[in-house]
Each structure stands twice: as structure tokens, then as C-alpha cells.
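Here is what each chain is made of, one letter per residue.
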Amino acid sequence: VQLQASGGGLVQAGGSLRLSCVASGRTFSTKTYSMGWFRQAPGKEREFVAAINWSGGITNYADSVKGRFTISRDNAKNTVYLQMNSLKPEDTAVYYCAADNSVLTLTTRQIADYWGQGTQVTVSS
């Protein structure tokens, strides 16, 4: 199973970016997995950003991104998205996608069955 994240880049404060994470693998089906986004800034621990259950009916967000970020998924494309609006310099980090059977585990324990490589997001002031 592979999770391929993309969409990072350099943006000015107040701008927007959309991250994508494509899942692939013979035994992997996004229809049964919850997906999440995490981030890690330099010198800081990895932190939870957002998660979505397999159907898209449940979404969870870190308080720091509520109202600015939106997680969504397209199971037909095995893809999860993170739309990031009103970006702030403190959003600068490497963003990782992850997959797990439980949206609660992703949200509260930062544990996942699968992790993708990161994509760098840099927000300039």
C-alpha cells in the first residue's frame, strides 16, 4: 500500500492550497479506510490536522484549523483532499496523509496503518 501526497508549495499568508493524497495497492480500498492529515513543523512534534471516515460522513479537525481547512475524499479516485484556506505562517510544516480503520484512532492517537511521504507547505508572512 502506498499513499502519495502532493500539492504543497510556497504561498503568502491568507492564500490557499489544496493537498491531495492518492492511495494505491492491490489490497487497499479507501471504501473501508478512514483517512487523515497530519503535519510536523521544524523542531516540533507531529500533530493531527484533520480526519475523515470511509464514507465522508464524519470529519474531525484540530482546533487550530477549524473553519479554515476542509478535508474531503473521492473513493472512486482513491483520493483524499485537504483544502487549506486563510493560511497562516504557523501552518508551515511538512504535511503527511495517513490511513487507518478508525477515524477515532487517527484523531486521538495519531496512529495509522499506513503513512504517506510528506509534502512541504510554506506560508510566508
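Above this text sits the structure in question.
Below is a short write-up of the structure. Keep in mind that this is a model prediction, so the values were computed, not measured.

## Digging into the state of the cysteines
Part 1: For the coordinates displayed, the defined rule picks out 1 disulfide.
Part 2: Bridging C21 to C97, the disulfide has an S-S length of 2.1 Å. Here the S-S torsion is close to 55 degrees, and the disulfide linking C21 with C97 is therefore right-handed. You can see C21 sitting in strand β3 (residues 17-24) and its partner C97 sitting in strand β9 (residues 93-100), a full 76 residues away along the chain.
Part 3: When its relative accessible area of 0% is taken as the criterion, C21 is described as buried.

## Notes on the pairing of strand β11 (residues 119-124)
Part 1: In β11, alternate side chains face the same way, and those of T119, V121 and V123 are buried while those of Q120, T122 and S124 on the opposite face are not.
Part 2: The sheet contact formed by strand β2 (residues 9-12) and β11 spans 4 bridges and is parallel. Bridge assignment links V11 to a residue of β11, and that residue is V123.
Part 3: When β9 meets β11, the two strands line up antiparallel, connected through 3 bridges. Across the sheet, V94 pairs through a bridge with Q120, a residue of β11.

## A look at the sheet that holds strand β7 (residues 69-74)
To summarise the sheet geometry, strands pair through backbone hydrogen bonds and adopt either a parallel or an antiparallel arrangement.
Part 1: A sheet is described by the order of its strands in space; here 4 strands give the open sequence β1-β3-β8-β7, paired in antiparallel fashion. Every other strand in the sheet has two partners, leaving β1 (2-6) and β7 as the edge strands with one partner each. Geometrically, the sheet is characterised by an average inter-axis angle of 15 degrees between neighbouring strands, direction not taken into account.
Part 2: With 5 bridges connecting them, β1 and β3 associate as antiparallel partners. Along β3, the bridge assignment pairs Q4 with V22.

## Quick word on the side chain of N53
Part 1: Checked against the element boundaries, N53 lands in the loop between β5 (47-52) and β6 (59-61).
Part 2: Relative accessible area serves as the criterion here: at 9%, N53 is assigned to the buried category.
Part 3: Separated by 3.0 Å, the side chain of N53 and the backbone nitrogen of G56 make a polar contact.
Part 4: Every residue in contact with N53, bar those within four places of it in the chain, is listed here: Y33, S34, I58, R73 and V103.

## With respect to the packing of aromatic side chains
Part 1: The tally for this structure, following the rule as stated, stands at 3 aromatic pairs.
Part 2: Ring centres 5.8 Å apart and planes at 70 degrees place the aromatic pair F38 and F48 in the edge-to-face group. Here F38, found in strand β4 (residues 34-40), pairs with F48, found in strand β5; they are 10 residues apart in sequence, far enough to count as distant.
Part 3: What makes F38 buried here is its relative accessible area of 0%.
Part 4: Note on F48: relative accessible area 10%, which makes it buried.

Here is what the cut-offs are and how they apply
- Residues numbered from 1 in each chain as written.
- Predicted model: local features only at pLDDT ≥ 70, side-chain atom pairs only at ≥ 80, totals over all residues.
- Heavy atoms only, no water.
- Disulfide = S-S within 2.5 Å.
- Helix = DSSP H or I, 4+ residues; strand = E, 2+ residues; numbered from the N terminus.
- Buried < 20%, exposed > 50% of the residue type's maximum accessible area, 1.4 Å probe, protein only.
- Pairing = 2+ DSSP bridges.
- Axes fitted to C-alpha atoms, helices over the stretch in contact; angles between N-to-C directions.
- Polar contact = N/O pair within 3.5 Å; in protein donor to acceptor, adjacent residues only side chain to side chain.
- Contact = heavy atoms within 4.5 Å.
- Phe/Tyr/Trp six-rings, centres within 6.5 Å; stacked < 30°, edge-to-face > 60°.

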